[in-house]
Amino acid sequence: MRMNLEGTSLKREDIDSKRVLTTRFRSNAFYAWDTGRGIGRYLQGLKAGEIWGTHCDTCNRTVVPPRIFCERCMKNQVSWVKLQDTGIINTFSICYVNWDASRVEEPHLPAVIEIDGASQGHGILHVLDEVNPKDLKIGMKVKAVWKRPEERNADITDILYWKPY
Amino acid sequence: MSNSVAIVGVGYTPTRKLTPEVSYKEMIYEACVRAYHDANLASHRDIDGFISCAEDFLEGTSIFDEYTPDQLGGIQKPMHTISGDTLLGLATAVMNIRTGLQQLVVVEAHSKASNIKTLDAILHYATDPILTRPLHLNPHFIAGLEMQRFLDISKNTLEQCAEVVVKNKRNALKNDLSTYGTRLTTREVLSSEPTSTPLTQLQHAEPTDGAIVFVLASSKIAKKMNRTPVWIKGCGWISDAPSLETRDWNRCAYAALSAQMAYRQAGIRNPKKQIDFFEIDDTFSYKELEHLEALGIYETGKSGKALLQGALDPDGKTPTNVSGGSLGMGHVLEATGGFRTLEIVKQLRAEAGPRQLDKVKTGLAFSWRGLPTTSGVTMIYSQKGA
Ligand SMILES: [Zn+2]
């Protein structure tokens with residue numbers, strides 16, 4: 001599509017033939033974040049096919065992903081709670097745009113899933129599948145579809161996706 | 001001055017090379033809880049505003065200021081991030097309080113240097129993408145250039161720079177927070193692996209992990225909160241022309257001018273006499289001498305001799321980096337000026353234990369933003385309020 005913008009547009013050959021000054025570098029920014037005690041134990045749980053949260057004894061609130069301190073009361077009296085691998089959709093979107101702005105045939109379906117066993121409104125971000133996007137609704141009951149145990153890596157992708165049940 | 005500002009609480013974690021047992025959030029939380037206890041805070045809900053000192057590229061997260069409220073008890077409160085050293089955050093907190101809109105402000109800084117697998121590459125991205133990066137030089141070369149010129153102009157010597165390392169690592173042995181305390185000789189320092197000459201490996205402070213949190217209060221409430229508030233009498237911050245092509249290699253204007261700004265506010269005319277001790281940037285050995293001279297504590301070329309005569313030792317006339325500095329405690333990225341300030345708070349409260357200085361009332365902290373910058377912040381702290 002031609003856009004009606006002023007200026008001189010560049011073509012690939014302008015760059016390849018060095019008609020314009022360019023500089024290139026490949027980014028070299030690598031990190032290995034310590035997960036710490038809260039997220040570390042959460043990820044270990046995923047490897048075992050379990051979803052763990054923490055309960056703040058002061059606020060009487062169960063959150064997921066778990067944390068070893070409560071950001072509301074700032075205390076660290078928390079206990080670990082094993083949650084269900086089921087939940088309900090808090091919100092979702094049907095995404096048709098790829099990283100390079102091209103269109104995708106099968107839309108991506110990110111959703112916030114309130115996990116059964118956590119306090120109301122507390123859930124995790126993940127993706128949905130095995131569902132016709134047209135049928136998606138807030139409040140829909142979904143359950144986790146896990147990787148096979150030997151394929152799990154203590155990683156958020158140990159859950160492949162969530163599907164209605 | 002009725003609008004004085006004081007540090008009424010500080011909390012921290014020890015500086016360590018590796019901290020795999022905690023996430024950065026858990027590390028900050030640990031420092032935060034201690035700071036609030038130290039400030040006798042009834043509740044974190046009483047805090048009016050929060051400032052975190054962090055650089056996205058060092059965190060590996062864009063818009064890092066969205067990741068800071070939870071661990072400080074700062075949710076649903078005013079919060080912003082300064083991408084600079086702790087001292088710049090503290091200066092910002094002073095301004096916030098002086099507006100009269102906030103009484104109680106928290107400043108946080110941390111380093112998870114151990115989590116950055118390509119720290120030198122991140123540093124490289126601070127250099128000019130068109131003029132400098134294509135040359136593919138490890139950015140520490142800039143320290144080599146600076147040191148070469150500094151020694152040539154000032155006539156301080158390599159041995160004197162090595163002695164800075166010997167002193168600071170010796171001082172660190174008396175600091176239970178430090179990681180790099182050791183006994184060395186200047187020969188060992190000079191014969192360690194050459195990096196960017198004249199620098200050798202032992203003249204670099206090592207990237208290290210740690211977190212620090214300060215609670216600052218207006219004069220109205222400071223004395224009620226803490227029996228020994230530490231007053232911020234002056235703060236100055238300066239950025240010079242940073243490009244490698246146009247900067248002034250002959251003088252360290254960012255340190256000199258930031259100090260003058262802070263001295264003006266604090267009413268200091270003779271810093272050497274009026275300030276009892278110094279906690280200043282020593283990211284590289286020569287930086288301590290360069291900064292001392294720029295701050296006006298010694299004339300050009302006189303700091304090295306003073307060092308050899310023991311004037312910079314804990315029992316000398318101008319104790320410098322009694323804490324061990326970054327060479328002894330490790331370089332904690334944006335938290336560096338925070339740990340320099342911590343030592344001053346401890347000394348002024350007479351809580352410095354085996355390294356407690358006699359009769360100290362006023363201390364100076366100075367931070368440099370690090371390679372490749374020409375930016376710095378000077379803070380003057382005092383036992384006495386205005
Ligand atoms: Zn709570």
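For the structure, check the block above.
Read on for a plain summary of the structure.

Let us look at the coordination of the zinc ion. All names here are of chain A. The zinc ion binds to the protein through Cys 56 (SG), Cys 59 (SG), Cys 70 (SG) and Cys 73 (SG); the donor distances cover 2.3 to 2.4 Å. One can describe the donor arrangement at the zinc ion as tetrahedral, given that its 4 donor atoms subtend angles of 100 to 114° at the metal. Between the donor residues of the zinc ion, the gaps in sequence give the motif C-x2-C-x10-C-x2-C. By relative accessible area, which is 4% here, Cys 56 ends up buried.

All names here are of chain A. One open sheet holds the 3 strands; their spatial order is S2-S1-S3, and the pairing between them is antiparallel. The open sheet is flanked by strand S2 (61–63) and strand S3 (78–83), the only strands paired with a single partner. Across the sheet, the axes of successive neighbouring strands diverge by a mean angle of 35°, strand direction being ignored. Contacting strand S1 (51–56) and S3, helix H2 (residues 36–47) runs over the sheet at an angle of about 145° to S1.

All names here are of chain B. Compared with the 18 Å implied by 1.5 Å per residue over 13 residues, the 19 Å span of helix H14 (residues 336–348) between its first and last C-alpha is a close match. For H14, the tally of buried residues reaches 13 of 13 residues, placing the bulk of the element in the interior. Just downstream of H14 lies Ala 350, where phi reads positive at about 60°.

Our next topic: the interface of chain B and chain A. Accessible area lost during the coming together of the parts is what is often quoted as the interface size. The interface is formed by 34 residues belonging to chain B together with 23 residues belonging to chain A. Of the roughly 2,200 Å² buried at the junction of chain B and chain A (both faces included), carbon and sulfur atoms supply 58%. Three residues, Glu 26, Tyr 29 and Asn 115 of chain B, lead the burial of chain B against chain A; their summed loss comes to 27% of the area buried on that side. Linking chain B with chain A are 1 salt bridge. For Lys 112 of chain B, the salt bridge goes to Asp 34 of chain A, with nearest N and O atoms at 2.7 Å. Counted by class, the side of chain B that touches chain A contains 16 nonpolar, 9 polar and 9 charged residues.

Quick notes on the rules
Within any chain, residue numbers begin from 1 and follow the written order of that chain's sequence. Going through the entries in the order they are written, you letter the chains from A and number the ligands from 1. Under the rules for a predicted model, residues below a pLDDT of 70 receive no local features and side-chain atom pairs below 80 are neither given nor counted, while totals for whole chains, interfaces and linings still include all residues. Working from all heavy atoms in the structure, the side-chain values ignore hydrogens and water. A 2.8 Å cut-off from the metal defines N, O and S donors, relaxed to 3.2 Å for Na, K and Ca; water is not in the atom list, so some sites may appear incomplete. Irregular is the label for any site that misses the other tests, which are tetrahedral for four donors with all angles between 85 and 135 degrees, and square planar for four donors or octahedral for six when opposite donors exceed 155 degrees and the remaining angles lie between 65 and 115. Note on classification: 1.4 Å probe, protein chains only; a residue is buried when its accessible area is under 20% of the maximum for its type, exposed when over 50%, partly exposed between these limits. Two strands are counted as paired when DSSP detects at least two bridges linking them. In DSSP terms, a helix is any run of H or I states spanning at least four residues, a strand is any run of E spanning at least two, and both are numbered starting from the N terminus. To define axes, lines are fitted to C-alpha atoms, for helices over the stretch in contact only, and angles between the resulting N-to-C directions are given on a 0 to 180 degree scale. In what follows, a contact means two residues having at least one pair of non-hydrogen atoms within 4.5 Å. Take the residue count of a helix, subtract one, and multiply by 1.5 Å to get its expected span. Buried area is a sum: the accessible area each of two parts loses on coming together, probed at 1.4 Å, counted once for each and added. Every case where a carboxyl oxygen of Asp or Glu lies within 4 Å of a side-chain nitrogen of Lys or Arg is listed as a salt bridge. Residues are sorted three ways: Asp, Glu, Lys and Arg are charged, Ala, Val, Leu, Ile, Met, Phe, Trp, Tyr, Cys and Pro are nonpolar, and all the rest, Gly among them, are polar.

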